[in-house]
Amino acid sequence: QVQLVESGGGLVQAGGSLRLSCAASGSIRSFNTMGWYRQTPGKQREVVATITRGGSMAYADSVKGRFTISRDNTKNTMYLQMNNLKPEDTAVYYCQATTLYPFWGQGTKVTVSS
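Quick caveat, the model's predicted, so the values are computed rather than measured. What you see as residue numbers is a count from 1 along each chain, following the sequence as written. The model is predicted, so local features are restricted to residues of pLDDT at least 70 and side-chain atom pairs to those at 80 or more, both for listing and for counting; the totals for chains, interfaces and linings are taken over all residues. For the side-chain quantities, the full set of heavy atoms in the structure was used; hydrogens and water were omitted.

**Q** Could you clarify how one ought to interpret the pairing of strand 4 (residues 33-39) in this entry?
**A** Within a regular strand, the side chains alternate between the two sheet faces. A 1.4 Å probe rolled over the protein chains alone gives each residue an accessible area, and that area as a share of the maximum for its type sets the label: buried under 20%, exposed over 50%, partly exposed in between. Strands are runs of DSSP state E lasting at least 2 residues, helices are runs of H or I lasting at least 4, and numbering of each runs from the N terminus. Among the seven residues of strand 4, five are classified as buried, and the element is accordingly described as predominantly covered. We call two strands paired when DSSP finds no fewer than two bridges between them. As paired strands, strand 4 and strand 5 (residues 46-52) are joined by six bridges and run antiparallel to one another. Bridged to Trp36 within strand 5 is Ala49. Hairpin connection of strand 4 to strand 5: six residues between the antiparallel strands, including Gly42 at a positive phi of 85°.

**Q** Is there a simple way to think about the pattern of salt bridges in this case?
**A** Side chains bearing opposite charge may pair, as long as their charged atoms lie close to each other. In the sections that follow, a salt bridge refers to a side-chain nitrogen of Lys or Arg positioned within 4 Å of a carboxyl oxygen of Asp or Glu. Applying the stated criterion across every chain yields a total of four salt bridges. With a closest N to O distance of 2.9 Å, Glu46 and Arg38 form a salt bridge. Here Glu46 falls in the partly exposed class, since its relative accessible area comes to 31%. On the basis of relative accessibility, which here comes to 6%, the residue Arg38 falls in the buried class.

**Q** How do you make sense of the pairing of strand 3 (residues 18-24) when you look at a structure like this?
**A** Burial runs high along strand 3: five of the seven residues are buried. Direction of pairing for strand 1 (residues 4-7) relative to strand 3: antiparallel, over a ladder of four bridges. For Val5, the partnering residue across the bridge sits in strand 3 and is Ala23. In this structure, strand 3 lies alongside strand 8 (residues 77-82), joined through six bridges in antiparallel fashion. Directly across from Leu18, in strand 8, lies its bridge partner Met82.

**Q** Where do I start with the packing of aromatic side chains in this structure?
**A** Note on aromatic pairs: each is described by the distance of the centres and the angle between the planes. Any pair of Phe, Tyr and Trp rings, taking the six-membered ring for Trp, is counted once the centres come within 6.5 Å. Such a pair is stacked with planes under 30 degrees apart, edge-to-face with planes over 60 apart, and tilted for the rest. On inspection of all chains with the given rule, the structure shows two aromatic pairs. When the ring of Tyr37 is compared with that of Trp104, the centres are 5.0 Å apart and the planes differ by 70°; the resulting orientation is edge-to-face. Of this pair, Tyr37 sits in strand 4 while Trp104 sits in strand 10 (residues 102-104); the two residues are 67 residues apart in sequence, bridging distant segments of the chain. We classify Tyr37 as buried; its relative accessible area is 16%. Accessibility expressed as a relative area gives 34% for Trp104, which makes it partly exposed.

Function-wise, these values are silent; they only describe arrangement.
Below you can see the structure in the form of structure tokens.
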């Protein structure tokens with residue numbers, strides 16, 4: 001079974017920064033796509049950023065210019081650098097990795113105070 005473990009969430013003031021990490025079991029080169037999603041109560045989970053096996057990156061319009069997705073293949077870890085955080089970024093952030101179907105981590109909570 002694929003294991004994905006997120007870390008790095010916490011409480012930060014608006015305008016601050018956080019870096020989320022997603023540690024994966026096995027080589028992340030085995031995943032076609034990895035990504036970060038977020039969810040708040042009463043809302044559907046939404047995509048934040050994705051990165052393909054070839055390194056192509058895509059971002060939700062709401063985070064463009066503020067968030068950066070990256071990965072370290074030697075550490076089997078994906079990252080989400082979040083800068084200039086806003087209260088509307090408050091959510092549980094989930095790591096996803098896809099082979100034949102998507103795998104999900106347990107999530108890490110990010111709270112941005114105004």
